Amino acid sequence: MTNPTAPILHVGCAAGFSGDRTDVARAVVDTLLARGGPACLIFETLAERTLALAQLARGADPSAGYEPLLDEMLRPVLADCLMHSVPIVGNFGAANPIGAAHRVHALAAELGLAPPRVAVVLGDDLGGPTHRALLQAALGADRLEALDIACATAYLGAEGIAQALRQGAQVVVTGRVADPCLTVGPAMAHFGWREDDWDRLARATMAGHLLECGAQVTGGYYADPGFKDVPGLAHVGFPIAEIDAEGHCVIGKADGTGGCVDEHTVKEQLLYELHDPAAYLTPDVVADITKATVEAVGPDRVRLSGVRGHPRPAMLKALVFHRTGWLAEGEISYAGPGAEARARLAGQVLKERWGDAGALRLDLIGVRSLFADDGGHTWATLPPGDARDVRLRAATSQPQREAAQRLTREVTALYTCGPAGGGGVRTALRERLGSVACFVPRDLVPAQVLFVDPDASAGGCA
Amino acid sequence: MSSASMSPVSLPIGTRPAGPDSAHVPLRCLAHGRTGDKGNRANISLIAWHPDLYPLLVEQVTPEMVAEVYCARRPSHVERYLLPRLQAMNFVLDDVLDGGVNDALNLDSHGKALAFALLDLRVWVPRQLGHRLRNAPSNALWSSAPPKA
């Protein structure tokens, strides 16, 4: 039941992707504790591809497959969060939430803490044989058959997280959930919102959207000297949302940190990875920001209001990852007079030797690379220039490892067989996963909440 | 401009706003933005530095202009969404990421840098809005002379 008098919920975010800084949670938790009142700490660590890589890691080692930096993320703050009843919610379970839950217990034991109540949210993994029919219906039998599937996961909603918190979880570990759910779940549990309270769910969803990329709302991915100056970027603080019983939020950041929160940082993140602003689709709600406004309400504090919600989609998005072969890359640099001409010549040599062995992308780093194209249109039409410090980059994707590896050898051979003065060769070869998005009926992909007891073998202190 | 570059694109002279006192300035002085990616689709936001500048964006930064900026990537469709309350626009470009993060051969497979190609677009700004620009060009740029071809 909705509780209109419930106090404001503070949600702090301490990670926006796998590989984010691990020294930021301390300031977020210190700020949550200083403000007092109900609070929650979230970690978002699953980009589109991260989970597929985690599945591969688990395939190689059944005890792996969760966020590799889990210990470093949690160790500095776990004791304080447990002591002060600040639940931790993270999708750092990745491909192995139960493994991550055991690791949380082991960490608590190492820190001399009483065993916490750790819940996992399962049900996102569609890789098992029982889900074959589901994927077949979503993709078609022929298409499915043609894919060398590495893993498949559905984006679950916030309900599993909310249920775990209502049942007293102190740490909630998930795999794939839609990123904003890490915020919506705690808000649902705290305020007692119904699953069809569309406006409130939509508001909390957009609060979660602002939080989910960590520093991207506090000055990260934003600074542009002379145009967008950000103070203290080296110690950019991570965001904290104050969410009220209506779902409206004020975005701020951890005390004593760098970065900034203003109307412009908030607008940029509000529109990040958004398509139709009238229909931001999540498993919980369809959010509509066409009437939304942002307003600075104090130093580093910005209010978001006017978000509306519409009924959630009947289907859940799922991503099917499949093996597509191998990516090979190689680079070599040229500098001084004629550098660009020599780099171009090196590219011509590669092309001539590569022949029709498959797509070959060439970039002239220092002339045009990020704004070029895989089709080679830019390379073919860019007029010759006189850049003096140029790095040729070549890339190919091949079904077979050996075929891809040939490119790395061709680039390396440019040392002695290519143009004058070529140096600094670096090559890389890695397996690739492609992804296919599809939609599955939500009724067939229910979330399951499970409480995980300390593993006796991990040496708990119960 | 028909070449394949993501270099500065100019509006046709005929679209120049009425009045002698206007300057042709980088979009970056009027607005900021960022790229997001999902699959092989990019979105690029464009947010006015000041509400007074927003109508200039709506008038001049059209989906056709944006398609031209990214023509090397062969977008199959460019959709523009207007958010007047945020003084912002959101462009959604289909099939513009060389296949997307899992399939592209490019260095920046997310397309993180792409917004800055748009911010290099040149747009007309009337002199009376010059004080709203960020890093406004010097007064010498405000003139009634037609732009160089």
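A quick note: this is a predicted structure, and the numbers were derived from the prediction, not measured.

Here is what the cut-offs are and how they apply
- Residues numbered from 1 in each chain as written.
- Chains lettered and ligands numbered in written order.
- Predicted model: local features only at pLDDT ≥ 70, side-chain atom pairs only at ≥ 80, totals over all residues.
- Buried ≥ 20, exposed ≤ 12 C-beta atoms within 10 Å, placed from the backbone.
- Helix = DSSP H or I, 4+ residues; strand = E, 2+ residues; numbered from the N terminus.
- Pairing = 2+ DSSP bridges.
- Right-handed = clockwise from strand over helix to strand, strands pointing away.
- Core = buried A, V, L, I, M, F, W, Y, C linked by C-beta atoms within 7 Å.
- Domains from an automatic or database assignment.
- Contact = placed C-beta atoms within 7 Å.
- Axes fitted to C-alpha atoms, helices over the stretch in contact; angles between N-to-C directions.

### Thoughts on the pairing of strand E2 (residues 39-43) of chain A
All names here are of chain A.
Argument step 1. The buried fraction of E2 amounts to five of the five residues, a majority that puts the element mostly inside the structure.
Argument step 2. Taking every second residue as pointing to the same face, both faces of E2 are buried, with Ala39, Leu41 and Phe43 on one and Cys40 and Ile42 on the other.
Argument step 3. In the sheet, strand E1 (residues 9-13) pairs with E2 via four bridges, with the strands oriented parallel. Each residue of the ladder has a partner; that of Cys13, found in E2, is Ile42.
Argument step 4. A crossover connection joins E1 to the parallel E2 through helix H1 (residues 25-35); in handedness this β-α-β unit is right-handed.
Argument step 5. Here E2 pairs with strand E3 (residues 88-90) via three bridges, running parallel.

### Things to note about the pairing of strand E12 (residues 301-305) of chain A
Residue and element names in this part refer to chain A.
Argument step 1. The alternating pattern of E12 places Val302 and Leu304 on a buried face and Arg301, Arg303 and Ser305 on a face that is not buried.
Argument step 2. With three bridges connecting them, strand E8 (residues 249-253) and E12 associate as antiparallel partners. Residue pairing in the sheet places Ile251 in a bridge with Val302 of E12.
Argument step 3. Where strand E11 (residues 293-298) and E12 come together, five bridges link them in antiparallel fashion.

### Overview of the nonpolar core
Across soluble globular proteins, nonpolar side chains have a tendency to be buried as a group.
Argument step 1. Within the largest apolar cluster, 186 residues are counted, with the highest numbers of intra-cluster contacts made by Val28, Leu41, Ile161, Leu304 and Ala318 of chain A together with Leu30 of chain B.
Argument step 2. By residue number, the principal contributor to this core is strand E14 (residues 315-335) of chain A, which donates 10 residues.
Argument step 3. No fewer than three residues from each of domain 1 (9-319 + 438-458) and domain 2 (323-435) of chain A sit in this core.
Argument step 4. Setting aside residues up to four positions removed in sequence, Ile161 of chain A forms contacts with Val89, Val121, Val172, Thr174, Val177, Cys181, Leu182, Gly185 and Pro186 of chain A.

### Considerations on the sheet that holds E1 of chain A
Residue and element names in this part refer to chain A.
Argument step 1. The mixed open sheet is built from 10 strands, whose spatial order is E11-E12-E8-E7-E1-E2-E3-E6-E4-E18. One side of each edge strand has no neighbouring strand; the edge strands of this open sheet are E11 and strand E18 (448-452). Strand-to-strand twist in this sheet, taken as the mean axis angle between neighbours without regard to direction, amounts to 25°.
Argument step 2. In this sheet, strand E6 (residues 171-174) lies alongside E3 in parallel orientation, the contact comprising three bridges. By the bridge assignment, Gly90 is partnered in E6 with Val173.
Argument step 3. Lying over the sheet, H1 contacts E1, E2 and strand E7 (239-243), oriented at roughly 170° with respect to E1.
Argument step 4. Contacting E1, E2, E7, E8 and E12, helix H10 (residues 198-211) crosses the sheet at an angle of about 170° to E7.

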